[in-house]
Amino acid sequence: MKKRIRRSKIRIPLLPVLLITMLLFSALRLEKLLRPVITEQAQHFAEKTSAEIVEGTVSDYLRDTQYKYSDFAAVLYDDKKQISSVEALSYNINKVQSELTYLINQRLKKAKEVKTTIPIGSLTQTCLLNGKGPKIHIKLCPIGSADVSIKSELTGAGINQTKHSISAVIGIKLTSSTPVYKFNSETKFEFLIAETVIIGNVPNISPFYSQK
């Protein structure tokens, strides 16, 4: 006589499954809402970090080199001892461009990891809660590169006066990553290196805007 084998049915508790599903859905929805805010805050901090690196590097460089206007431009006079033209000294211009590019990139390489915190209230995009609440710790790993250009510019400085300015234009391309997100940013800075006021008629100035 054959015996019937009863197969027990495995019952999956419905309530825990629903709770897990709701938690996953809520987490995904929360992540979708907070991701733009976290990315914006982290990107702002990354750009601030790059600005500090650039400003510190340029400040140290100019303090050490003590460049003057005559290091970048030669003023030429005519027979009447009036300024006839201003010529750019390309050697020093290229030297500054090359050295600044190298120094900034070296400091960017050393900035392997920086830390910041974002208050939870700032993630809600509500003015009343901005900057309040417990803080979320975020680690940023910036990887970037810099390019430096030297710019010459003429502007009016009064009656029969012209100001000739020589500036360094520095562009930074930065790729930063948090434990979850990755984003790119580009910033540009301009620093005055030297300037002079030319009195008299505006001379012929060889324009230059060096760029790699």
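We now turn to the structure provided with this report. (Residues numbered from 1 in each chain as written. Predicted model: local features only at pLDDT ≥ 70, side-chain atom pairs only at ≥ 80, totals over all residues. Heavy atoms only, no water.)

Counting its regular elements, the protein contains two helices and nine strands. Going from N to C terminus, the protein has its helices and strands arranged as α-β-β-α-β-β-β-β-β-β-β. Counting every position in the protein, which comprises 212 residues, the buried fraction comes to 35%. Here the contacts in the protein between residues at least 6 apart in sequence split such that 64% fall between residues at least 24 apart. Of the roughly 15,000 Å² of accessible surface on the protein, 56% is carried by carbon and sulfur atoms. (Helix = DSSP H or I, 4+ residues; strand = E, 2+ residues; numbered from the N terminus. Buried < 20%, exposed > 50% of the residue type's maximum accessible area, 1.4 Å probe, protein only. Contact = heavy atoms within 4.5 Å. Areas by Shrake-Rupley, 256 points an atom, 1.4 Å probe, with all protein chains shown as cover.)

Another aspect to go through is unusual backbone geometry. Here the phi dihedral of Gln66 falls at roughly 55°; this positive angle occurs in a residue that is not glycine. When you line up the elements, Gln66 lands in the loop between helix H1 (14-65) and strand E1 (73-77).

With that out of the way, let us pick up the pattern of salt bridges. What the rule picks out here adds up to five salt bridges. A salt bridge links Arg107 to Asp60; the shortest N-O distance between them is 2.8 Å. Placement of Arg107 in helix H2 (residues 90-110) and of Asp60 in helix H1 is noted, with a sequence separation of 47 residues between them. A relative accessible area of 34% places Arg107 in the partly exposed class. By relative accessible area, Asp60 is classed as partly exposed at 23%. A salt bridge links Lys95 to Glu99; the shortest N-O distance between them is 3.0 Å. In this pair, Lys95 and Glu99 both sit in helix H2, four residues apart, roughly one turn of the helix. Taking relative accessible area as the criterion, Lys95 reaches 28% and is therefore assigned partly exposed. One salt-bridge network, in which partners are shared between bridges, spans Asp60, Arg63, Asp64 and Arg107. (Salt bridge = Lys/Arg side-chain N within 4 Å of Asp/Glu carboxyl O.)

Such coordinate-based values are descriptive only and should not be taken to indicate function.
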